[in-house]
Amino acid sequence: MKISDINPHIRYARVHKSFFRAKKEVSKCYDCRIFFFDNITGTAVINEKSYDILNKSALYLPPESEYQFNVNLNENGNVIVMDFDLVNTFEYLRDSLKTATKNTFDKSVVPRYELPCELAVPVIRTIPQIQRTLMQCTENFVFKNQFYREKSSALLKLCLLEFVKLYEYGAQSKLCEDVFSYIQNNYSNAALTNKDIAEHLNYHPYHLSAIIKQETGKTLHQYLIYYRLQIAKNYLLTTDYDILDIAWKCGFSSATYFIELFRKNTGTTPKKYRSLQVHTEI
């Protein structure tokens, strides 16, 4: 799915002042989440990695993210919290899906659809400019005026585009963008290697991989696999291609290798991933 295709469906939107004091266990979300911290500082542990929370920090989490907060609250502090899907396919699920712990998480509850690459991973940024729009979105959702869902969805999309804009042009260098562009145009080539990508950009493979890891947290090879798997998920959810065809279309050298990597990165097989989606839509 492209970022331009998102059409958020909000299930929950509120402003909290003491929400995090009772959260002692690691939480795990079923749908997407946004947290905006106003006059609050501290730390967030997301998928076992620690991040600083500064004033006006905004945090986006995709489904199945594990998170825990340790924040300093004051009487003027508040947190905007939103639960939502990036599509309206599951708008019949209007009530909050709640939050599970690592031990109580039920994967079958997760709405299954393809995420755009830019929003497939957690993003935390200091983005003061989206606070007003998030507040308008929240108030509109809470008071339920005419067309409140449509208006709230449009406002949330504006905020998500700010996340993406900063992700693309702030956190990543021009070199990183060039690498991603080359991979997007050549991922279907099963013979594509780090050396091929590096030579195209006049870099040494080890040096280029180190730069990509510093900026994204993934090595060059890991990002290539990640991107191929994202494309494969999209084929599984939107086509009837068999597993072998999808493997070849996505640049995997064999169906066996594709299934092995898919299971390692998602915890399930391509066949089960496709069947879960069908089950959810029914």
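From a predicted model like this one, the values you see are computed outputs, not experimental measurements.

Reading the values: the criteria
Residues numbered from 1 in each chain as written. Predicted model: local features only at pLDDT ≥ 70, side-chain atom pairs only at ≥ 80, totals over all residues. Heavy atoms only, no water. Helix = DSSP H or I, 4+ residues; strand = E, 2+ residues; numbered from the N terminus. Contact = heavy atoms within 4.5 Å. Polar contact = N/O pair within 3.5 Å; in protein donor to acceptor, adjacent residues only side chain to side chain. Phe/Tyr/Trp six-rings, centres within 6.5 Å; stacked < 30°, edge-to-face > 60°. Buried < 20%, exposed > 50% of the residue type's maximum accessible area, 1.4 Å probe, protein only. Lys NZ or Arg CZ within 6 Å of the ring centre and 35° of its normal. Pairing = 2+ DSSP bridges. Axes fitted to C-alpha atoms, helices over the stretch in contact; angles between N-to-C directions. Expected span 1.5 Å × (residues − 1). Core = buried A, V, L, I, M, F, W, Y, C linked by side-chain atoms within 4.5 Å.

S.K.: Break down the environment of serine 152 for me, citing the residues and quoting the values.
M.R.: Along the chain, serine 152 falls in helix H2 (residues 148-169). Separated by 147 residues in the primary sequence, serine 152 and aspartate 5 place their C-alpha atoms 16 Å from one another. Once residues within four sequence positions are removed from consideration, serine 152 is found in contact with Ile10, Cys137, Asn140 and Phe141. Polar contacts involving the side chain of serine 152 include one to the main-chain amide nitrogen of phenylalanine 141, which spans 3.4 Å.

S.K.: Give a description of the packing of aromatic side chains that names residues and reports values.
M.R.: Think of a pair of aromatic rings as described by two things: how far the centres are apart, and how the planes are tilted against each other in angle. Per the stated rule, a full pass over the model turns up 20 aromatic pairs. Ring centres of phenylalanine 35 and phenylalanine 69 lie 5.0 Å apart, and the angle between their planes is 65°; this geometry places the pair in the edge-to-face category. With phenylalanine 35 in strand S3 (residues 32-38) and phenylalanine 69 in strand S7 (residues 66-72), this residue pair connects regions lying 34 residues apart in the sequence. Residues tyrosine 223 and tyrosine 227 carry aromatic rings whose centres are separated by 6.4 Å and whose planes lie at 25° to one another, so their mutual orientation is stacked. Here tyrosine 223 pairs with tyrosine 227, and both are found in helix H6 (residues 220-238), just four residues apart, close to one helical turn. You can call tyrosine 223 buried: its relative accessible area is 7%. Three or more aromatic residues joined by ring pairs form one cluster here, namely Phe180, Tyr187, Tyr223, Tyr226 and Tyr227. Geometry around phenylalanine 141 places lysine 144 over its ring, the cationic atom sitting 4.9 Å from the centre. Over the aromatic face of tyrosine 241 sits the side chain of lysine 249, whose NZ or CZ is 4.7 Å from the ring centroid.

S.K.: Go over unusual backbone geometry with me, naming the residues and quoting the values.
M.R.: You will see that asparagine 47, though not glycine, has its phi angle at about 50°, which is positive. The phi dihedral of glutamate 48 falls on the positive side, at around 70°, and the residue is not glycine. Position of glutamate 48 relative to the elements: it lies in the loop between strand S4 (41-46) and strand S5 (49-53). On the basis of relative accessibility, which here comes to 69%, the residue glutamate 48 falls in the exposed class.

S.K.: Would you mind going over the sheet that holds strand S10 (residues 123-126) in detail, with residue names and values included?
M.R.: Spatial ordering of the open sheet is given by S1-S8-S3-S6-S10, a layout of five strands whose pairing is antiparallel. The open sheet has two edge strands, strand S1 (9-16) and S10, and neither has a second partner. When the angles between neighbouring strand axes are averaged without regard to direction, this sheet yields 10°. With seven bridges connecting them, S3 and strand S8 (residues 78-85) associate as antiparallel partners. From the neighbouring strand, aspartate 38 faces S8, where its bridge partner is asparagine 78. The strands touched by helix H1 (residues 131-143) are S1, S3 and S8; relative to S1, the strand with the most contacts, the crossing angle is about 110°.

S.K.: Give me H6: which residues, what numbers.
M.R.: Because each turn of an α-helix spans 3.6 residues, side chains separated by three or four positions in sequence point in the same direction. With 19 residues, H6 should cover 27 Å at 1.5 Å per step; its first-to-last C-alpha distance of 27 Å lies within 8% of that length. Burial analysis of H6 places 14 of its 19 residues in the buried class, which makes it a mostly covered element.

S.K.: Now, about the nonpolar core: what can you tell me, with residues and values included?
M.R.: Among the nonpolar cores identified, the biggest contains 66 residues, and Tyr60, Phe84, Leu86 and Val179 are the most heavily contacted of them. For this core, the leading source of residues is H6, giving 11 residues. Not counting chain neighbours up to four residues away, the residues in contact with leucine 86 comprise Met1, Ile6, Asn7, Pro8, Cys32, Tyr60, Tyr113, Leu115, Pro116, Leu119 and Leu160. By size, the runner-up hydrophobic cluster in this structure holds 15 residues, among which are Phe35, Phe37, Leu61 and Tyr67.

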